[in-house]
Every structure is written in structure tokens, then in C-alpha cells.
Amino acid sequence: MARNKRKTLRERITTNYFTLSGVLVVCALLWLLPAGTDYRTWGGFAVAVVLTFLLRESNNHFQWIRVRSRMTSSTFLMLATVCLPCHSLSWAWIPPFCLLGAYDLLFAALSQRRPAGYVFHAFLLLTLGTAVWPQMAFMLPLFMWQLGFRLHILSWRTFFAALLGIAFPLWLYFAWSVWTDSVPTMFAFLQVCRMWSVPDLTQWASAPRFYFAFIMVCAFFGLLHYARGRFRDKKIVRDMHYVMISHELLLLVLMVLFPADFSLMLPVVLLNTAPLLSHYFTLAKGHWAMGIWFDVWLIGFALIWTAGQMGWWGL
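Residues numbered from 1 in each chain as written. Predicted model: local features only at pLDDT ≥ 70, side-chain atom pairs only at ≥ 80, totals over all residues. Heavy atoms only, no water.

Draft legend 1. Spatial organisation of the overall build of the protein. Counting secondary structure elements, the protein contains 13 helices and zero strands. Ordered by position from N to C terminus, the α and β elements of the protein give α-α-α-α-α-α-α-α-α-α-α-α-α. Expressed as a percentage of its 315 residues, the buried residues of the protein come to 49%. With the model as given, the accessible surface of the protein reaches about 16000 Å², and the carbon-plus-sulfur share is 68%. (Helix = DSSP H or I, 4+ residues; strand = E, 2+ residues; numbered from the N terminus. Buried < 20%, exposed > 50% of the residue type's maximum accessible area, 1.4 Å probe, protein only. Areas by Shrake-Rupley, 256 points an atom, 1.4 Å probe, with all protein chains shown as cover.)

Given below as C-alpha cells:
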């Protein structure tokens, strides 16, 4: 009988039922102890925890990882913890809730005979997110394209449901603008999308450059891993990951094109990156080699958090 392999730290962490509980305790200490009594930081942590548990429920329902694991939600909370610009409570936490809700609704529509209602509410959430992060409007046509090309639920019913989901909050906003006599300026918040010029990346502060490089590394390994191992998942799970991968690429491009709004879009990028990176951590091939590489990632997370706290590299 073959000898059982001794589990590495990666295998114990990624498949342990209590991983999220342990990560929650560690992240609470790293997030809250340096903050003292700053209520905005405590509020930011509370919102991140709520989003973490919603992400856990999404992963449980749609089985983005084909083994029992808490890594999707744990990875998101760890990413949010080491990226210090996310720590403060702000309106920037609304778009990730909208994006996760849109994902849940669209993926749930795959199993429905009449998915138009799910599509309507998904596009409604995305449109609401543009009130906080205007560049989220660029995701609307990509979501529409995914309905037909990847999710295969595009029909006349779902097409017009998506249009109604976009139009409904705009109708309400128009009514409010008429009531407050502010119709000429009602779309001023979208000026940032229309008045665009080639960004001067040399003007980025050192902190956004550093965190952007970190996110690029996370996205690179997540995308590369899924490109190599995608056929081990069921087709419906692959389609869900393809949707998130398409949006990951768009979000990274938007971070480059609109560097001034880096802090505003950081939480939504971390939310979209977490499922891809957690899939890599949990299912990448390699026993001892991947186990050692996972230890390096943990050390890297610790160094990134420390760099932000200590102000290294000009942060």
C-alpha cells in the first residue's frame, strides 16, 4: 500500500473548515490594532467582513473551487487587509457589493427557465454602482456580451430586461433631478468617463504603484493557473471563471487608464481577484514545491502589510 503523503501547510490551510475563522482573527488584529479608536477603520473592517461572508456563501453555492474550501473568502479578506487603502470606511465599498450581487444573479440565472428577472436585477445593481464609481459603466457592455457569448442566456427577453435594469435607476435619478431642478448637471458624475486623456503614470504616488504591482502579480498567477488547469472544472464553473477573468482584465486596464481613482476601484478589483487567486492556491499542482511556494506567498503578504505600516519604499 502506498504511503500517504504528509500534508503541507498549504494543503492544511486551503482545505481546513476553520481557515476562515483563523484568517478572520489574524486580519482583525492586523486591521484594527494599528487603528486604535478610529471609527472609520473599524467601520471599514466591519464592511469587509460582511462582504467576506457573502463571498463565502457565493462560493458555497456555485462551487467555484471543486473541493471543500474557505479560501475564496479568506483570500479576499487577506488581500483587503494587506492593502491599507481599503482600511477606511468609504463609499468605495459599495461597488464590490454591487459586483458580487450581479455575479450571483447572473450565475443563478443559468439554472432558470426564465432568467429575465435575474438579469434585470443584475444590471440594476451594476448601474447603481456607477453612482459611486462611474467607470463601472464600462462593465455594462461587457456583461451584456457575456450574456450571449459565455453564459448563453441572451434573448430578446433578457436583452430588454438588461436595458430596463440600466434605465430604471436612471429614471429615478432623472425624477429626482427634476424635483431638485438639477437636470443640466445630472450626469456630471460620468464626466470622468467622457473627458479622458492618456494617463501620466509617472505621476502615480508610490503607494498606488506598489499596490498595483502586487495586484498584477496576484492576477498573473491566478490567470496563468486557470489557463493551464481550466478543463478540470465543470463547464458551468469554467464559464463563471471566464466571466470573472474577462472582468479582471478590464478592471486592470481601468486602473491604468484612471490612476487618480485608484483607491476608489481597489476594493472591487480585490473582490474580483480573490476567486482566481484562491483557485490557484487550492488546486495548483505540486506537492512540496507548491507547498513551499505557498509559504513564500504568506511571507509576501506579511511583508506587504509591514511595508504599508512602516512606510517602506516611499509608501
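That shown, we press on.
Draft legend 2. Broad picture of the side chain of threonine 52. Note on placement: threonine 52 falls in helix 3 (residues 39–62). Since its relative accessible area comes to 1%, threonine 52 is described here as buried. In this structure the side chain of threonine 52 is engaged in a polar contact, spanning 2.7 Å, whose partner is the backbone oxygen of alanine 48. With sequence-adjacent residues up to four places away left out, threonine 52 is seen in contact with Leu20, Ser73, Phe76 and Leu77. (Polar contact = N/O pair within 3.5 Å; in protein donor to acceptor, adjacent residues only side chain to side chain. Contact = heavy atoms within 4.5 Å.)

Draft legend 3. Region of the structure containing the pattern of salt bridges. The full count for this structure, using the stated rule, is four salt bridges. Aspartate 239 is paired through a salt bridge with arginine 150; the nearest N and O atoms lie 3.5 Å apart. With a gap of 89 residues between them, aspartate 239 in helix 11 (residues 235–257) and arginine 150 in the loop between helix 7 (139–149) and helix 8 (156–179) connect regions that are remote in the sequence. What emerges from the salt-bridge pattern is a single network uniting Arg150, Lys235 and Asp239. (Salt bridge = Lys/Arg side-chain N within 4 Å of Asp/Glu carboxyl O.)

Draft legend 4. Focus on the nonpolar core. If you look at the biggest cluster of nonpolar residues, it comprises 86 residues, and the most contacted ones within it are Leu99, Phe123, Phe143, Phe214, Met255 and Phe301. With twelve residues, the top contributor of residues to this core is helix 12 (residues 262–283). Sequence-distant contacts of leucine 99, defined by excluding residues within four places in its chain, comprise Leu126, Met136, Met139, Phe143, Val268, Leu271 and Asn272. Counting residues in hydrophobic clusters, the runner-up holds five residues, among them Leu223, Tyr226, Tyr242 and Ile245. (Core = buried A, V, L, I, M, F, W, Y, C linked by side-chain atoms within 4.5 Å.)

Draft legend 5. Local environment of the environment of leucine 84. Structurally, leucine 84 is set in the loop between helix 4 (71–82) and helix 5 (94–109). Ignoring anything within four residues of it in the chain, the contact list for leucine 84 reads Tyr211, Trp305, Gly308 and Gln309.

Draft legend 6. A nonpolar patch on the surface, seen in detail. Together, Leu164, Phe168, Trp171 and Leu172 line one region of the surface with nonpolar side chains, adding up to about 420 Å² of accessible area. Note on placement: phenylalanine 168 falls in helix 8. With a relative accessible area of 37%, phenylalanine 168 lands in the partly exposed category. (Patch = residues over 30% accessible without salt bridge, like charges linked within 9 Å, V, L, I, M, F, W, Y side chains within 5 Å.)

Draft legend 7. Highlighting the packing of aromatic side chains. Tallying each qualifying case throughout the model produces 29 aromatic pairs. Between the aromatic rings of tyrosine 280 and phenylalanine 281, the centroid separation amounts to 5.9 Å while the plane-to-plane angle is 40°, which identifies the pairing as tilted. You'll find tyrosine 280 and phenylalanine 281 in the same group, each marked buried. Both rings, one in phenylalanine 281 and one in tryptophan 297, keep their centres 5.2 Å apart while their planes meet at 75°; by these two values the pair is edge-to-face. Within this pair, whereas phenylalanine 281 is found in helix 12, its partner tryptophan 297 is found in helix 13 (residues 288–310), the two being separated by 16 residues in sequence. (Phe/Tyr/Trp six-rings, centres within 6.5 Å; stacked < 30°, edge-to-face > 60°.)

Draft legend 8. Broad picture of the packing of helix 2 (residues 19–32) against helix 4. Where helix 2 contacts helix 4, the axes come no closer than 9 Å and their chain directions differ by 10°. The angle between helix 2 and helix 4 places the two elements in the roughly parallel class. In this structure, helix 2 contributes Thr19, Leu20, Val23, Leu24, Cys27, Leu30 and Trp31 to the contact, and helix 4 contributes Met71, Ser73, Ser74, Leu77, Met78, Ala80 and Thr81. Grouping the amino acids of the contact of helix 2 with helix 4 by side-chain chemistry returns ten nonpolar, four polar and no charged. (Axes fitted to C-alpha atoms, helices over the stretch in contact; angles between N-to-C directions. Parallel < 35°, antiparallel > 145°, perpendicular 65-115°, else oblique. Nonpolar A, V, L, I, M, F, W, Y, C, P; charged D, E, K, R; others polar.)

Draft legend 9. Fine view of the packing of helix 2 against helix 3. Close contact between helix 2 and helix 3 brings their axes to 11 Å; oriented N to C, the two are set at 160°. Taken together, the axes of helix 2 and helix 3 are roughly antiparallel relative to one another. At the point where helix 2 passes helix 3, the crossing takes the right-handed sense. Here Leu20, Leu24, Cys27, Ala28, Trp31 and Leu32 of helix 2 lie close against helix 3, whose contacting residues are Thr41, Trp42, Gly44, Phe45, Ala48, Val49, Thr52, Phe53 and Arg56. Looking at the contact of helix 2 with helix 3 residue by residue, the class counts come to eleven nonpolar, three polar and one charged. (Left-handed = near helix turned anticlockwise from the far one by under 90°.)

Draft legend 10. The side chain of threonine 8, seen in detail. Of note, threonine 8 is situated in the segment before helix 1 (9–14). Taking relative accessible area as the criterion, threonine 8 reaches 4% and is therefore assigned buried. Beyond its immediate stretch of four places on either side in the chain, threonine 8 contacts His287, Trp288 and Gly291.

Honestly, it's all geometry; don't read function into it.
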